[in-house]
Amino acid sequence: MRRLLYLLPVLAFAVIAGWFWLGLAPNRDPSEVPSVMIGKQVPDFDLPPLVAGTPGLKSSELKGHVTLINFFASWCVPCRAEHPLLFTLAKDSRLQIDGIAYKNKQSDTTAYLAELGNPYARVVVDEPGRTAIDFGLYGVPESYLIDRDGVIRFRQVGPFTEDVIEQQLKPLIAELSK
Amino acid sequence: MMRRVLLILALLLPVTAGAIEPSEMLKDPALEARARAISQEIRCLVCQNQTIDDSNADLAHDLRVILRERLLAGDTDQQVKDYLTARYGDFILLKPPFRARTLILWIGPALVFLAGAAIIMVAALRKRRVAAPAPLSAEESQRLARLMTPE
């Protein structure tokens, strides 16, 4: 019985070491804040379009199809990195990708899309950044996957990577599109 | 010498200059004081060790403005915090609330302390229970005396 007690510090060490080992996982971002909006309805918004005359975007219009909302800005370097991946995603007919330009002057956003191309079905602007705060955004780029009922199901903090798209986004899109 | 000491002491005084700009401040000093107090409990999610009162980040500025708008709209302090946690979660509060999830965080150190104290007490009590050895017989005392005398 005494022998077992001597094992206690070893066990405690094993538990703590295991915890630390999990913390060393690659791709783990300790500063990432998990979204509390997952499972909740999309916040109400009504944003003006980037190009006058084209349709804006309202939260009520997000029902009936799976939407990916991508917050981006011309002054955001990782947004440029993920931009090509958005084109690939845009080819998926199950998905509608809408872009929201966050705290970006209209001229800057237009120049950015002219330079890199426009993968979005609709591009709207959120210059004051209030709608973004309603989503719980704390940096760009951030993307939100919204199901047919207007419920937020997934949030990507930072730029998309191919791994995230293949392993997390695509399976979820498939499930939501059934 | 005295001036140098005073200079060093003055330099050591922490200067608490917030990042708040004059254009953000509310006109009503009582509301502004509440706003500053609440700001100092809200974490800036960009520079996560700073309060939104201290941080220069854009997001901190936005949150400071929103906070003041909520106060002007008549929210209580708790309602303002609820507004923020509804969007960002408990992490935006610098002081973690006392919930089931944070129970280990709050009680953990006390538990570890108590466990350590318990172990020490048990070990001390166990030592005391070991009986003192029986006193030496006459023959053993003489043997001891012989052995102990230096040759």
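Bear in mind the structure is a predicted one, so any value in this text is a computation, not a measurement.

K.L.:
Would you mind showing me how to read the overall build of chain A here?
P.N.:
A tally of helices and strands in chain A yields five helices and seven strands. Each helix and strand of chain A, placed in order from N terminus to C terminus, yields the pattern α-β-β-β-α-β-α-β-α-β-β-α. In terms of C-alpha radius of gyration, chain A reaches 20 Å, well past the compact-globule figure of 16 Å for 178 residues. Principal axes of the C-alpha set define a box for chain A whose edges measure 80 × 35 × 30 Å. Here chain A holds 178 residues, and the buried ones make up 44% of them. Counting only carbon and sulfur atoms, one obtains 60% of the accessible surface of chain A, whose full area is about 9700 Å². Charged side chains of chain A number 18 positive and 20 negative; the gap between the two group centres comes to 7 Å.

K.L.:
Just checking my understanding: could you explain the interface of chain B and chain A for this structure?
P.N.:
When the parts of a complex come together, some accessible area is lost, and that lost area is often used as the size of the interface. On the side of chain A, 15 residues touch chain B, which itself brings 17 residues to the contact. Regarding the contact of chain B and chain A, the summed buried area is about 1400 Å², with carbon and sulfur atoms giving 53% of it. On the surface where chain B and chain A come into contact, there are three salt bridges. In this structure, the salt-bridge partner of B:Asp62 is A:Lys103, at a minimum N-O distance of 2.7 Å. Taken together, the links from chain B to chain A amount to six residue pairs in polar contact (both at pLDDT 80 or more). Those elements that provide at least two residues to the side of chain B that touches chain A are α3 (58–72) and α4 (77–88) of chain B. Here the residues of the side of chain B that touches chain A are counted per class, giving 10 nonpolar, three polar and four charged.

K.L.:
So what exactly am I meant to see when it comes to the state of the cysteines here?
P.N.:
All chains considered together, the criterion is met by one disulfide over all chains. The disulfide bridge from A:Cys76 ends at A:Cys79, spanning 2.2 Å between sulfur atoms. Around the S-S axis, the bridge from A:Cys76 to A:Cys79 shows a dihedral of about 90° and counts as right-handed. Relative accessible area serves as the criterion here: at 3%, A:Cys76 is assigned to the buried category. Here B:Cys44 stays unpaired: no disulfide links it, and the sulfur of B:Cys47, its closest cysteine neighbor, is 3.8 Å away.

K.L.:
Hey, could you run me through the nonpolar core in this one?
P.N.:
As a rule of thumb, nonpolar side chains are buried together in soluble globular proteins. Formed by 69 residues in total, the largest nonpolar core has its most connected members in A:Ile69, A:Phe71, A:Leu89, A:Phe135, A:Leu145 and A:Phe160. Apart from residues no more than four positions distant in its own chain, A:Leu145 is found in contact with A:Val66, A:Thr67, A:Leu68, A:Leu95, A:Val151, A:Ile152, A:Arg153, A:Phe154, A:Leu169, A:Leu172, A:Ile173 and A:Leu176.

K.L.:
Would you take a moment to explain the packing of aromatic side chains for this structure?
P.N.:
How two aromatic rings sit relative to each other is given by the distance of their centres and the angle of their planes. All chains considered together, the criterion is met by eight aromatic pairs over all chains. Taken together, A:Phe45, A:Phe71, A:Phe135 and A:Tyr144 form an aromatic cluster joined through their ring pairs. In this structure, B:Arg43 packs its charged tip against the face of B:Phe91, placed 4.0 Å from the ring centre.

K.L.:
Sorry, what's going on with unusual backbone geometry here?
P.N.:
Keep in mind that most residues, glycine aside, have a negative phi and that most peptide bonds are trans. In this structure, A:Pro141 follows A:Val140 across a cis peptide bond, with omega equal to 0°. Inspection of the secondary structure assignment puts A:Pro141 in the loop between α4 (130–135) and β6 (142–146).

Procedures and definitions
Residues numbered from 1 in each chain as written. Chains lettered and ligands numbered in written order. Predicted model: local features only at pLDDT ≥ 70, side-chain atom pairs only at ≥ 80, totals over all residues. Heavy atoms only, no water. Helix = DSSP H or I, 4+ residues; strand = E, 2+ residues; numbered from the N terminus. Rg over C-alpha atoms; globule rule 2.2 N^0.38 Å. Buried < 20%, exposed > 50% of the residue type's maximum accessible area, 1.4 Å probe, protein only. Areas by Shrake-Rupley, 256 points an atom, 1.4 Å probe, with all protein chains shown as cover. Lys, Arg positive; Asp, Glu negative; His and termini not counted. Charge placed at Lys NZ, Arg CZ, Asp CG, Glu CD. Contact = heavy atoms within 4.5 Å. Buried area = accessible area lost by both parts, 1.4 Å probe. Salt bridge = Lys/Arg side-chain N within 4 Å of Asp/Glu carboxyl O. Polar contact = N/O pair within 3.5 Å; in protein donor to acceptor, adjacent residues only side chain to side chain. Nonpolar A, V, L, I, M, F, W, Y, C, P; charged D, E, K, R; others polar. Disulfide = S-S within 2.5 Å. Core = buried A, V, L, I, M, F, W, Y, C linked by side-chain atoms within 4.5 Å. Phe/Tyr/Trp six-rings, centres within 6.5 Å; stacked < 30°, edge-to-face > 60°. Lys NZ or Arg CZ within 6 Å of the ring centre and 35° of its normal.

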